[in-house]
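# Structure assessment
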Amino acid sequence: MLIELKDVNKTYFGAQPLHVLKGINLGIERGEFVSIMGASGSGKSTLLNILGILDNYDSGEYRIDGKLIWDLSESKAAEYRNKMIGFIFQSYNLIGFKTAVENVELPLFYQGVTRHKRHELAMEYLDRLGLKEWAGHYPNEMSGGQKQRVAIARALITKPDIILADEPTGALDSKTSVEIMELLKELNEKDKLTIIVVTHESGVANYTNKIIHIKDGVIGEIEENIRHDAMIFGADGSLK
Amino acid sequence: MKDLFTEIWSSLRQNKLRTTLTGLAVSWGIIIIIVLLGTGNGLMNALLSNSGDTVLNLIEVYPGITSRAYNGMKEGTPMRFNERDIAFSEQFSGKIDRAFGALYFSDTLSLGRETLSSNIEGVAPLVKDTYNIRLAAGRFINENDLKNNSKIIVIDSNAASQLLGDAKDYTRIIGQDIVVGNIPFKVVGIHETEEMTWGHDSYIPYSTARIMRTDGAWLGRITLHFHGLESKAANEEFEHRYKRAMNTFHGADPEDTRTTYLMNRYLNNQEMSKGIRIMRTALWILGFLTLLSGIVGVSNIMLITVKERIHEFGIRKALGATPWSILKLIVMESIFITAFFGYIGMVVGMGADIFLDKTLAAHPMDMGIIQLYVFKNIGVGFDVAIKATLLLIVAGTIAGIIPAWQGAKVRPIEALRADK
């Protein structure tokens with residue numbers, strides 16, 4: 001079991017305490033391609049943040065590859081994120097004043113990889129994603145689909161255990177969305193990458209092999225979706 | 001290290017306006033400090049040079065008026081010095097090496113149709129060294145002149161040019177006769193006009209002046225050379241005893257303090273050193289306050305910088321940046337800006353000092369009857385400039401640390417949620 005959650009709880013203490021995750025139990029195997037689906041306010045973003053070690057939880061247990069993620073120092077958390085997790089965000093989150101290749105290099109910079117090696121690797125990944133010619137361009141010179149592919153290259157470059165994609169097609173048109181989902185599917189099939197997609201779009205979820213429904217802070221139905229027919233959307237290739 | 005510089009460079013290049021503004025605040029701070037210290041030094045140099053004297057073991061005695069009646073002598077009786085007072089002063093204490101008097105009055109000097117008014121001092125040869133009189137040409141009064149009651153005169157260079165109506169070749173007046181009042185005197189020397197001077201100063205032999213002023217002219221001043229008075233207390237005690245002795249010698253109340261005025265170079269010098277120390281401290285305080293406003297400026301801009309970049313820091317943290325690496329990035333950026341622009345400020349500031357030295361300090365200020373240098377040798381030592389710049393860099397670093405810490409400790413989800 002690559003990812004294991006046992007009775008994970010999370011409450012936001014504000015003016016009115018909000019119990020967001022109410023005892024999440026979940027297991028994800030290495031090489032799985034799953035989606036976490038839920039409406040806004042269901043707790044899926046909070047779950048993603050906890051999975052990505054961007055946020056902490058109040059009680060329960062969360063293990064990645066057997067390592068307990070609990071009470072980590074900022075530096076340790078940074079190290080785990082760097083080595084084990086690749087993020088793909090809805091809004092790409094590329095650094096505006098860095099070129100495509102510099103953005104892709106960044107995770108390796110924090111691993112202390114030499115300049116030359118870093119650049120070489122980043123170019124390799126950009127080439128794989130068909131963006132070699134765009135390596136020297138800044139994010140504002142690229143289309144949404146290109147930016148997301150740069151972000152995917154950046155997520156892949158450290159060869160992480162888990163790819164976490166938070167609404168990866170949220171800002172893209174349907175044609176580009178299909179391209180991105182096909183890309184993720186291919187990465188899962190060919191490279192045996194573990195990919196977790198968080199979405200509220202059924203079409204996106206339909207691309208994954210397993211759909212985990214989350215509602216009001218609890219895990220609901222878990223659908224096997226090998227045939228990709230769980231949803232009415234996506235079956236014919238149209239996502240939106 | 002090179003990576004860090006690339007990082008800093010790209011972020012600085014990205015935010016040109018912010019970088020320029022921060023840099024300007026830093027450069028301006030350094031320029032102000034260096035100009036402030038430079039002109040301050042100029043002012044102090046001018047003060048020291050205007051006083052200009054090197055002989056410190058000197059007391060000048062000027063006659064006053066009795067302030068109380070004593071033993072038949074009425075209040076308000078003027079003290080009058082003559083040769084007997086010189087002799088008395090010389091014997092007063094073993095600490096007095098020499099005493100000499102000066103007889104001075106004012107009269108006209110004329111050559112042909114040119115006439116001007118001058119102070120005329122009847123002096124001893126020793127005056128030249130005592131008052132640092134610098135000869136431009138010719139010679140000063142010597143012992144033979146005194147012995148022979150020679151009618152010779154040493155005038156200042158301004159008077160020489162004016163009398164000849166020729167500013168350039170004024171030395172040609174040497175050997176010519178000029179008329180003092182109505183007596184012809186031969187010019188034997190020209191002394192350089194003092195930087196701080198009240199009109200013209202001419203010197204004639206003491207003995208000659210004495211003959212000219214048989215109409216009961218009294219000594220204007222007695223100068224005492226002393227030795228062995230090394231402290232303020234010793235000087236004050238000596239002055240007190242001398243005043244008492246002089247009062248007794250003239251039949252005035254021994255405790256009357258108005259009968260003689262003493263100008264003690266040693267004590268004056270001490271006062272001046274103290275004044276200069278205070279001025280120097282004041283300048284540094286002003287400089288420090290300027291620096292403080294620079295620091296606040298840098299700190300403020302760094303605070304805005306961190307706020308603006310919080311989203312970026314969130315991305316970096318998600319990708320594996322440790323708080324330490326974020327802190328390092330911001331602080332190094334702050335150091336880089338302050339060092340670079342501090343250096344520019346230092347160069348410009350020193351340039352400004354040179355410019356001020358060439359303009360403001362090049363000519364004495366003409367205040368009508370008195371000409372004096374307000375500034376002299378404006379500028380700071382290279383070491384001081386470096387120190388001030390280093391101080392600013394250190395301060396800039398400290399100013400960067402607090403905002404940087406805020407940037408470093410922000411939680412990644414909050415940072416990612418922040419507006420771009």
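Quantities reported herein were computed from a predicted structural model and do not represent experimental measurements.

In this section: the overall build of chain B. For chain B, the helix and strand inventory stands at 13 helices and 13 strands. The C-alpha radius of gyration computed for chain B amounts to 33 Å, which surpasses the reference 22 Å derived for 420 residues by more than 25%, pointing to a less compact arrangement than a globule. Its C-alpha atoms put chain B at 105 × 55 × 30 Å along the principal axes. At a minimum sequence separation of 6, the contacts of chain B that also span at least 24 residues come to 79%.

Right, let's talk about the overall build of chain A for a bit. Secondary structure summary: chain A contains 7 helices and 10 strands in total. What you see for chain A is a C-alpha radius of gyration of 18 Å, in line with the 18 Å of a compact globule of 240 residues. Buried residues in chain A amount to 46% of all 240 residues. Contacts in chain A between residues at least 24 apart in sequence constitute 70% of all its contacts with a sequence separation of at least 6.

Residue and element names in this part refer to chain A. Positive phi, normally seen in glycine, also occurs at Lys159, with a value near 50°. Take Lys159: it is sitting in the loop between helix 5 (144-156) and strand 7 (162-166). The exposure class assigned to Lys159 is exposed, which follows from the 11 C-beta atoms found within 10 Å. A positive phi angle, close to 45°, is found at Glu167, a residue other than glycine. Looking at where Glu167 falls in the secondary structure, it is placed in the loop between strand 7 and helix 6 (174-191). Of the residues examined, Glu167 has 20 C-beta atoms within 10 Å and is grouped as buried.

The interface of chain A with chain B comprises 19 residues on the first partner and 17 residues on the second. Of all the elements in the fold, those that place two or more residues in the side of chain A that touches chain B are helix 2 (74-84) and helix 3 (100-109) of chain A. Considering each element in turn, the side of chain A that touches chain B owes the most residues, 6 residues, to helix 2 of chain A. When its residues are assigned to classes, the side of chain A that touches chain B shows 9 nonpolar, 4 polar and 6 charged.

Looking now at the nonpolar core. Grouped together as the largest cluster of nonpolar side chains are 109 residues, with contacts concentrated most on Val104, Leu126, Ala153, Leu164, Ala165 and Ile196 of chain A together with Ile34 of chain B. Setting aside anything within four residues of it in sequence, one finds Leu126 of chain A in contact with Ala100, Val101, Val104, Leu131, Lys132, Ala135 and Ala153 of chain A. With 44 residues, the next largest nonpolar core counts Ile120, Ile152, Val180 and Tyr266 of chain B among its residues.

Residues separated by three or four positions in an α-helix point in the same direction, a consequence of the helix having 3.6 residues per turn. With 28 residues, helix 12 (residues 382-409) of chain B extends 40 Å between its outermost C-alpha atoms, agreeing within 8% with the 40 Å of an ideal straight helix rising 1.5 Å per residue. Ile401 of chain B marks where helix 12 of chain B bends most, by close to 30°; the proline Pro403 of chain B follows one to four residues later.

Take the sheet that holds strand 4 (residues 59-64) of chain A next. All names here are of chain A. Spatial ordering of the open sheet is given by 2-1-4-5, a layout of 4 strands whose pairing is antiparallel. Two strands close off the open sheet at either side, each with one partner strand: strand 2 (18-28) and strand 5 (67-68). Summarising the sheet, strand 4 and strand 5 pair through 2 bridges and their orientation is antiparallel. Paired with Ile64 across the bridge in strand 5 is Lys67.

All names here are of chain A. With respect to topology, 6 strands assemble into an open sheet ordered 6-7-8-3-9-10, the strand pairing being mixed. The sheet terminates laterally at strand 6 (85-88) and strand 10 (218-224), the two strands that pair on one side only. Geometrically, the sheet is characterised by an average inter-axis angle of 20° between neighbouring strands, direction not taken into account. Pairing between strand 3 (residues 33-37) and strand 9 (residues 210-215): 4 bridges, direction parallel. Bridge assignment links Val34 to a residue of strand 9, and that residue is Lys210.

Its 44 residues place the ends of helix 9 (residues 265-308) of chain B 63 Å apart at the C-alpha level, agreeing with the 64 Å of an ideal helix rising 1.5 Å per residue. Restricting attention to buried positions, one finds in helix 9 of chain B the residues Tyr266, Gly287, Leu291, Gly294, Ile295, Val298, Ile301, Met302, Thr305 and Val306 of chain B.

This part takes up the domain arrangement of chain B. According to the domain assignment, chain B contains domain 1 (2-52 + 272-417) and domain 2 (58-268). Using C-alpha coordinates to define each centre, domain 1 of chain B is positioned 53 Å away from domain 2 of chain B.

To continue, consider the packing of helix 9 of chain B against helix 11 (residues 323-359) of chain B. All names here are of chain B. Between helix 9 and helix 11, the shortest axis-to-axis distance is 12 Å and the interhelical angle comes to 140°. Classed by the angle they form, the pair helix 9 and helix 11 counts as oblique. Here helix 9 runs over helix 11; the crossing is right-handed. On the side of helix 9, the interface is formed by Val298, Met302 and Val306, while helix 11 contributes Ile330, Ser334 and Thr338. Its residues assigned to classes, the contact of helix 9 with helix 11 shows 4 nonpolar, 2 polar and no charged.

Before going further, it helps to spend a moment on the confidence of the model for chain B. Scored by pLDDT, chain B has a mean of 85; 94% of the residues are at 70 or more. Two numbers describe this predicted complex: its pTM, 0.70, and its ipTM, 0.92.

On to the packing of helix 3 of chain A against helix 4 (residues 115-128) of chain A, then. Residue and element names in this part refer to chain A. Following both chains from N to C, one finds helix 3 and helix 4 inclined at 125°, their axes separated by 9 Å at the closest point. When the interaxial angle is binned, helix 3 and helix 4 end up oblique. Of the two possible hands of crossing, helix 3 and helix 4 adopt the one that is right-handed. Of the residues in helix 4, those in contact with Ala100, Val101, Val104, Glu105, Leu108 and Phe109 of helix 3 are Arg118, His119, Leu121, Ala122, Met123, Tyr125 and Leu126. Tallied by class, residues from the contact of helix 3 with helix 4 come to 10 nonpolar, 1 polar and 2 charged.

Put simply, side chains in a regular strand alternate between the two faces of the sheet. All names here are of chain B. One ladder, built from 3 bridges, connects strand 4 (residues 135-138) with strand 7 (residues 183-191); its direction is antiparallel. Residue pairing across strands places Gly138 opposite Gly189, the latter belonging to strand 7. The pairing of strand 6 (residues 177-180) with strand 7 spans 4 bridges and is antiparallel. Looking at the pairing, Val180 lines up with Ile183 of strand 7. Linking two consecutive strands that pair antiparallel, namely strand 6 and strand 7, is a turn of 2 residues; a positive phi of about 65° is found at Gly181 within it.

For the rest of this paragraph, the subject is the environment of His19 of chain A. All names here are of chain A. Secondary-structure assignment places His19 in strand 2. The class for His19 is partly exposed, based on 14 C-beta atoms found within 10 Å. For the pair His19 and Gly43, spaced 24 residues apart in sequence, the C-alpha to C-alpha distance is 9.3 Å. Not counting residues up to four positions away in its chain, the partners in contact with His19 are Thr11 and Gly217.

Criteria and cut-off values
Residues numbered from 1 in each chain as written. Chains lettered and ligands numbered in written order. Predicted model: local features only at pLDDT ≥ 70, side-chain atom pairs only at ≥ 80, totals over all residues. Helix = DSSP H or I, 4+ residues; strand = E, 2+ residues; numbered from the N terminus. Rg over C-alpha atoms; globule rule 2.2 N^0.38 Å. Contact = placed C-beta atoms within 7 Å. Buried ≥ 20, exposed ≤ 12 C-beta atoms within 10 Å, placed from the backbone. Nonpolar A, V, L, I, M, F, W, Y, C, P; charged D, E, K, R; others polar. Core = buried A, V, L, I, M, F, W, Y, C linked by C-beta atoms within 7 Å. Expected span 1.5 Å × (residues − 1). Bend = angle between axes of the 7 residues up to and from the residue. Pairing = 2+ DSSP bridges. Axes fitted to C-alpha atoms, helices over the stretch in contact; angles between N-to-C directions. Domains from an automatic or database assignment. Parallel < 35°, antiparallel > 145°, perpendicular 65-115°, else oblique. Left-handed = near helix turned anticlockwise from the far one by under 90°. pLDDT = per-residue confidence, 0-100.

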